[in-house]
Amino acid sequence: MPAGDGADALWTSVVILHLRTSITVRSAKQAFHLLSARWPVSNGKAYIAAFEACEGVDDGHVSDESARQSFLLALNEAEIPYSTDIERLAGQTWSCGSY
């Protein structure tokens with residue numbers, strides 16, 4: 001993939017954060033923006049890995065799926081409840097320790 005093409009690519013399975021209001025994350029670019037803003041665990045290993053992975057999609061060094069998986073680990077580390085569109089369709093909500 002040419003550099004810069006990955007950041008705007010949509011994930012095949014979105015991630016829905018269950019906060020006061022639901023936030024749907026559809027791409028590494030959106031995940032990067034969330035990680036850059038008031039993330040509750042900004043010094044955690046998963047946070048740092050997700051931040052770097054989502055940033056790496058933009059320059060073509062990291063795949064969208066790797067960035068998505070890293071983002072899910074950062075959500076778990078920060079204990080932010082979430083689901084994916086596939087899980088939502090099945091009526092399941094996942095949070096840290098649910099698997």
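Predicted model only: the values in this text are computed from it and were never measured.

A look at the side chain of Ser27
Within the secondary structure layout, Ser27 lies in strand 2 (residues 22-27). Among the polar contacts made by the side chain of Ser27, one reaches the main-chain amide nitrogen of Gln30 at a distance of 3.2 Å.

Concerning the environment of Ser66
On the secondary structure map, Ser66 appears in helix 3 (residues 64-77). Exposure remark for Ser66: the relative accessible area of 39% places this residue in the partly exposed category. Considered as a pair, Ser66 and Ala50 are 16 residues apart in the sequence and their alpha carbons are 8.9 Å apart.

Looking at the packing of helix 1 (residues 28-36) against helix 3
Viewed as axis vectors pointing N to C, helix 1 and helix 3 meet at an angle of 30°, and their least axial separation amounts to 10 Å. Judged by the angle between their axes, helix 1 and helix 3 are roughly parallel. Every pair of crossing elements has a handedness; the one defined by helix 1 and helix 3 is left-handed. Side by side, helix 1 and helix 3 meet where Ala28, Ala31, Leu34 and Leu35 of the first sit next to Asp64, Ala67, Phe71 and Ala74 of the second. Along the lines of polarity and charge, the residues of the contact of helix 1 with helix 3 split into seven nonpolar, no polar and one charged.

Reading guide: rules and limits
- Residues numbered from 1 in each chain as written.
- Predicted model: local features only at pLDDT ≥ 70, side-chain atom pairs only at ≥ 80, totals over all residues.
- Heavy atoms only, no water.
- Helix = DSSP H or I, 4+ residues; strand = E, 2+ residues; numbered from the N terminus.
- Polar contact = N/O pair within 3.5 Å; in protein donor to acceptor, adjacent residues only side chain to side chain.
- Buried < 20%, exposed > 50% of the residue type's maximum accessible area, 1.4 Å probe, protein only.
- Axes fitted to C-alpha atoms, helices over the stretch in contact; angles between N-to-C directions.
- Parallel < 35°, antiparallel > 145°, perpendicular 65-115°, else oblique.
- Left-handed = near helix turned anticlockwise from the far one by under 90°.
- Contact = heavy atoms within 4.5 Å.
- Nonpolar A, V, L, I, M, F, W, Y, C, P; charged D, E, K, R; others polar.

Shape is all these values report; function is a separate question.
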